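# Chain and residue survey
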Amino acid sequence: DTGVSQDPRHKITKRGQNVTFRCDPISEHNRLYWYRQTLGQGPEFLTYFQNEAQLEKSRLLSDRFSAERPKGSFSTLEIQRTEQGDSAMYLCASSGRTRSLSYNEQFFGPGTRLTVL
Amino acid sequence: DQQVKQNSPSLSVQEGRISILNCDYTNSMFDYFLWYKKYPAEGPTFLISISSIKDKNEDGRFTVFLNKSAKHLSLHIVPSQPGDSAVYFCAASAWGAQKLVFGQGTRLTINP
């Protein structure tokens, strides 16, 4: 019984570089979410997929951010031309009716901590 | 616009006593509420949830109370154990919306 996994767990990059993160959701879950968490704050919603379709994007997700979920399985989040303000924990979550009666219960991965120098 | 607020950044409780964590919300469209627990360097772990059609939900040592008229929910942990020391987030979602809106978190410390 595997949970949500994320790779890498830590990423240090220089300003202006591109980075890509991967998320593998719980296998039976068809909904996948990306959140960002900065120090002292709760997670903030970035985007949401149902199967392979990206159905909602936060205004936090600038043009430098892009997310994909090909074939409705794993997802990637890419940040182009990183800025120091992008430094945060990037969390992935998934939900489905197999572990709970409600899609509202989202199960989170361990996160990818991004540091932009 | 902080729609979900946890006004206590930290709480210290003696082992064996009751821990009460509070959360207030402003959006009357929220109809589902959740509590998550987070250890350092890990993602949030789902604890317990409650629908707006209920005012109480219990799961072992954890009970969540919802007061819709006051737009307030609370998490009770009885008895508190050292392993409960963590940051606790409340979160809410509106009907038809997929995203969770989180509070800022409360750091709970259980003292032996």
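Please refer to the structure higher up on the page.
Figured I'd write up the structure that's included with this text. Along each chain, residue indices are assigned from 1 in the same order as the chain's sequence is written. Following the order in which they are written, the chains are lettered starting with A and the ligands numbered starting with 1. Local features are withheld for residues below a pLDDT of 70 in this predicted model, meaning they are given only at 70 or higher, and side-chain atom pairs are given and counted only at 80 or more; totals for whole chains, interfaces and linings count all residues. Heavy atoms throughout the structure, all of them, feed into the side-chain values; hydrogens and water do not.

The next thing to look at is the nonpolar core. Working definition of a nonpolar core: buried Ala, Val, Leu, Ile, Met, Phe, Trp, Tyr and Cys residues. They are joined through side-chain atoms within 4.5 Å. Exposed residues in this analysis have more than 50% of their type's maximum accessible area, buried residues have under 20%, and partly exposed residues fall in between, with area computed by a 1.4 Å probe over protein chains only. In this structure, B:Val4, B:Phe30, B:Phe33, B:Trp35, B:Leu73, B:Leu75 and B:Tyr88 are the most contacted members of the largest nonpolar core, which totals 25 residues. If you list the elements that add at least two residues to this core, you get β3 (19–25), β4 (30–38), β5 (45–51), β7 (62–67), β8 (72–77), β9 (86–94) and β11 (106–111) of chain B. Working definition: helices are DSSP H or I runs of at least four residues, strands are E runs of at least two. Numbering for both runs from the N terminus. Among the elements that line this core, the one with the most residues is β9(B), at five residues. With 20 residues, the next largest nonpolar core counts A:Phe65, A:Ala67, A:Tyr90 and A:Cys92 among its residues.

Residues and elements named next belong to chain B. DSSP bridges decide pairing: two strands pair if at least two such bridges lie between them. The five strands lie next to each other as β1-β3-β8-β7-β6, forming an open sheet whose pairing is antiparallel. The two strands at the open ends of the sheet, each matched to only one other strand, are β1 (4–5) and β6 (56–59). Judged from the four bridges that link them, β6 and β7 form a sheet pairing that is antiparallel. Paired with Asn 57 across the bridge in β7 is Val 64.

Here we come to the environment of A:Phe45. Within the secondary structure layout, A:Phe45 lies in strand β5 (residues 44–50). Since its relative accessible area comes to 7%, A:Phe45 is described here as buried. On a C-alpha basis, the gap between A:Phe45 and A:Cys23 in space is 15 Å, while along the polypeptide they are 22 residues apart. Residues contacting A:Phe45, with those up to four places away along its chain left out, are A:Tyr33, A:Trp34, A:Tyr35, A:Glu56, A:Lys57, A:Ser58, A:Leu60, B:Lys99 and B:Leu100. What makes two residues a contact is simply this: any of their non-hydrogen atoms within 4.5 Å.

With that out of the way, let us pick up the state of the cysteines. Residue and element names in this part refer to chain A. By disulfide we mean two sulfur atoms from cysteines, separated by a distance within 2.5 Å. If you walk through the whole model with that rule in mind, you get two disulfides over all chains. Sulfur-sulfur distance for the disulfide between Cys 23 and Cys 92 comes to 1.8 Å. Its S-S torsion of about -65° marks the bond between Cys 23 and Cys 92 as left-handed, since a negative value means left-handed. Linking Cys 23 in strand β3 (residues 19–24) with Cys 92 in strand β9 (residues 88–95), this pair joins segments that are 69 residues apart in sequence.

What follows is about the side chain of B:Thr63. Relative to the assigned elements, B:Thr63 resides in strand β7. Residues contacting B:Thr63, with those up to four places away along its chain left out, are B:Ile48, B:Lys56, B:Asn57, B:Glu58, B:Ser74, B:Leu75 and B:His76.

So, on to the pattern of salt bridges. Residue and element names in this part refer to chain A. What makes a salt bridge here is a side-chain nitrogen of Lys or Arg within 4 Å of a carboxyl oxygen of Asp or Glu, nothing more. In total, this model carries five salt bridges over all chains according to the counting rule given. Between Asp 24 and Arg 22 there is a salt bridge, with the nearest N and O atoms lying 2.8 Å from each other. Judged by relative accessible area, Asp 24 falls into the partly exposed class, the value being 26%. The shortest N-O distance in the salt bridge between Glu 83 and Arg 64 comes to 3.4 Å. Taken as a pair, Glu 83 in the loop between β8 (75–79) and β9 and Arg 64 in the loop between β6 (53–57) and β7 (65–68) lie far apart in primary sequence, 19 residues in all. Here Glu 83 falls in the partly exposed class, since its relative accessible area comes to 40%.

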